[in-house]
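Each chain, letter by letter, is given below.
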Amino acid sequence: MKKQYTIAAVIVLMAAVLTGCSWDDVKAKFVGDPHSADATSSAVSGGPVEIEDYDPLECIKLSDYKGVEVNCKVKDSEIEDQKNNYLSQYPKEKKIKKGTCSTGDTVNMDYVGKIDGKEFDNGSAEDQELTIGNSGFIEGFDEGMDGMKVGETKDLNLKFPDPYTNNPDLAGKDVVFTVTINYKIKTSPNTFDDKFVKKYTSYKTVEEFEKETRKAIQTNKEESAGYTAITTITENSELITAPATLKEAYRRQMDAMNRASIQMSYGDSVDFDTVLAQMGYTKESYENLLDKTAESQVKYQMVVEAIIAKENIPEPTDQEMSDYVSQMAASAQMTLDNYKQYYQFSFGDAISFDDYNLTAYHYDKAAEFVKKNAKIKK
């Protein structure tokens, strides 16, 4: 007898997918940012996808999931990766307060956007850093800055594309962006020494950084061993069939996540297709990316649900589910309402909030079981 399984995203950190928003940037939109009302609108809508009936045990050929080997040893290269991450985040910066700006230059700038002489929501900003030619703004914005002098103010008379999915109300409208270049930014590599460590980390010396980072990575690997094991199981399992409606739900969800991520990074005035093109995606390659990612998510979910089914792991009670969702919101440092709003904004509505959290619960329970039965190397 087939069982109707609920759907949701396999747990991921709900943040940027194609771009690099920090969690603090994301959270600010829902816990006190003055524009939070704008941020609560869904990036992609259309209503929940109605999922066909399926049996995960018929959809996946499950690999051995007991006794999975998980290596939790820390490599020296992982410590070096952490150092390089800091170096990439904190290069040496020099402000250039004269000269002409051209494509490829990183600049600090202010801009004010007006339609019919009036500023519009999320159309203005100060002290914004962007690279000319790769800003993600609508067509003509970067071209208008090319050749501007540092300190110069200029009106860019542009038009929003039509259609404009990020904000349909702006589609096809004439807009004037008043742009001021404050200074150019020249960067050069920093040196990971004691001085750098003391300034940019919570440690005082390189030696202390290496020691504590190794311990932190080791702890994280051990705590995440169950999830690591599920990834291994998924890689070794064979997806026999992917329920079409489940795949479509994930496909729409991935699209919503990407659009929300770009909106968070660049603002409402950015054109999604323009950013994709700057990232090297054509319409066709982006559609292929969605298909591939959705099928991967389906496979992952089939593995989780198959383990739940084979081991007869019980479904949560209403109270257990309520407590779990509250815990998820608390771990994200959000109220439950903020957490729901964030989910809607970031994931759209192809998969319901309740279904997302139920599969997240399944994932945690499957990971607990797999970890107990894993061979963990320390």
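Check the entry above for the structure.
What this report covers is the structure whose coordinates are included nearby. Numbering of residues begins from 1 in every chain and follows the order in which that chain's sequence is written. Reporting of local features is limited, given that this is a predicted model, to residues whose pLDDT is at least 70; pairs of side-chain atoms are given and counted only at 80 or more, and all residues count toward the totals for whole chains, interfaces and linings. Each side-chain value is worked out from all heavy atoms of the structure, with water and hydrogens disregarded.

**Observations concerning the overall build of the chain**
Per the secondary structure count, the chain includes 14 helices and ten strands. Exposure categories follow from relative accessible area, calculated using a 1.4 Å probe and restricted to protein chains: below 20% of the type maximum is buried, above 50% is exposed, and the middle band is partly exposed. Looking at the chain as a whole, 43% of its 378 residues are labelled buried. Sequence-distant contacts, at least 24 apart, represent 79% of the contacts inside the chain between residues at least 6 apart. Calculation of accessible area relied on Shrake-Rupley with a 1.4 Å probe; when residues are assessed, cover is drawn exclusively from the protein chains displayed. With the model as given, the accessible surface of the chain reaches about 20000 Å², and the carbon-plus-sulfur share is 46%. Runs of H or I in DSSP of at least four residues are treated as helices and runs of E of at least two as strands, each being numbered from the N terminus. By definition, residues are in contact when any of their heavy atoms lie within 4.5 Å.

**Quick word on the nonpolar core**
What we call a nonpolar core is a set of buried Ala, Val, Leu, Ile, Met, Phe, Trp, Tyr and Cys residues that are connected through their side-chain atoms within 4.5 Å. With 60 residues, the main nonpolar core has Ile 230, Met 302, Ile 307 and Tyr 339 as its most contacted residues. At the level of elements, helix H8 (225–236), helix H9 (244–266), helix H10 (272–278), helix H11 (283–310), helix H12 (318–331), helix H13 (336–347) and helix H14 (353–372) are the ones that each hand at least two residues to this core. Considering every element that reaches this core, the biggest residue donor is H11, with eleven residues. Counting residues in each nonpolar core, the second largest holds 24 residues, with Tyr 111, Ala 125, Val 150 and Val 179 among its members.

**Section: H12**
Under the convention used throughout, the expected extent of a helix is 1.5 Å for every residue step, that is, one less than its residue count. When the terminal C-alpha atoms of H12 are compared, their 20 Å separation across 14 residues agrees well with the 20 Å that a helix rising 1.5 Å per residue should span. All of the buried residues in H12 are Met 321, Tyr 324, Val 325, Met 328 and Ala 329. Take H12 and look down its axis: the buried residues cluster within an arc of 135°, on one side only. Facing away from the buried side of H12, by more than 90 degrees, are the exposed residues Gln 319, Gln 327, Ala 330 and Ser 331. Buried-residue contacts for H12 involve H13 and H14. Looking one or two residues beyond H12, the residue adopting positive phi is Gln 333, at roughly 60°. The directions from the helix axis to the C-beta atoms are what the arc is built from.

**Overview of a negative patch on the surface**
Residues enter patches when they are more than 30% accessible in relative terms and free of salt bridges; like-charged ones are connected within 9 Å and nonpolar ones (Val, Leu, Ile, Met, Phe, Trp, Tyr) within 5 Å. Between Lys or Arg on one side and Asp or Glu on the other, a salt bridge is scored when a side-chain nitrogen of the former is within 4 Å of a carboxyl oxygen of the latter. For the purpose of charge, His is not counted, nor are the chain termini; Lys and Arg are scored as positive and Asp and Glu as negative. A charged residue contributes its charge at one atom only: NZ of Lys, CZ of Arg, CG of Asp or CD of Glu. On the surface, Glu 93, Glu 126, Asp 127 and Glu 129 cluster together into a negatively charged patch. Considering each element in turn, the negative patch owes the most residues, three residues, to strand E6 (residues 125–131). For Glu 126, the position within the fold is in strand E6.

**Overview of unusual backbone geometry**
Here the bond from Asp 162 into Pro 163 is cis, since omega is 5°, no more than 30 degrees from zero. Position of Pro 163 among the secondary structure elements: in the loop between strand E7 (153–159) and strand E8 (174–188). Even without being a glycine, Asp 116 presents a positive backbone phi close to 55°. Within the secondary structure, Asp 116 sits in the loop between strand E4 (106–115) and strand E5 (118–119). Classification of Asp 116 as exposed rests on a relative accessible area of 76%. With a phi angle near 60°, Asn 122 is a residue other than glycine that sits in the positive phi range. Looking at the secondary structure, you find Asn 122 in the loop between E5 and E6. Taking relative accessible area as the criterion, Asn 122 reaches 17% and is therefore assigned buried.

**With respect to H11**
Along its 28 residues, H11 runs 41 Å from first to last C-alpha, staying within 8% of the 40 Å computed at 1.5 Å per residue. Downstream of H11 by a residue or two, Asn 312 has a phi angle that is positive, lying close to 50°.

**Looking at the environment of Val 275**
Tracing the sequence through the fold places Val 275 in helix H10. Ignoring any residue separated from it by four or fewer positions in sequence, one finds Val 275 in contact with Gly 136, Ile 262, Tyr 266 and Val 270.

**Topic: the pairing of strand E3 (residues 92–96)**
With respect to burial, E3 is a largely exposed element, only zero of its five residues being buried. In this analysis, strands are considered paired if DSSP registers two or more bridges between them. Two strands pair when backbone bridges link them, and E3 and E8 are joined in this way by five bridges, in the antiparallel orientation. The residue bridging Ile 96 from the neighbouring strand is Lys 184, located in E8.

**A closer look at the packing of aromatic side chains**
What counts as a ring pair is set by centres within 6.5 Å for rings of Phe, Tyr and Trp (its six-membered ring), and what kind of pair is set by the plane angle: stacked under 30 degrees, edge-to-face over 60, tilted for all other angles. Under the defined criterion, the tally for this structure stands at 27 aromatic pairs. Pairing Phe 160 with Phe 177 gives two aromatic rings, centres 6.4 Å apart and planes at 70°, and the pair type is edge-to-face. With a gap of 17 residues between them, Phe 160 in the loop between E7 and E8 and Phe 177 in strand E8 connect regions that are remote in the sequence. As far as burial versus exposure is concerned, Phe 160 and Phe 177 are alike and both buried. Considering the side-chain rings of Phe 347 and Tyr 356, the 5.4 Å spacing of their centres and the 80° angle between planes classify their relative orientation as edge-to-face. Here the two residues Phe 347 and Tyr 356 agree in accessibility, since each one is buried.

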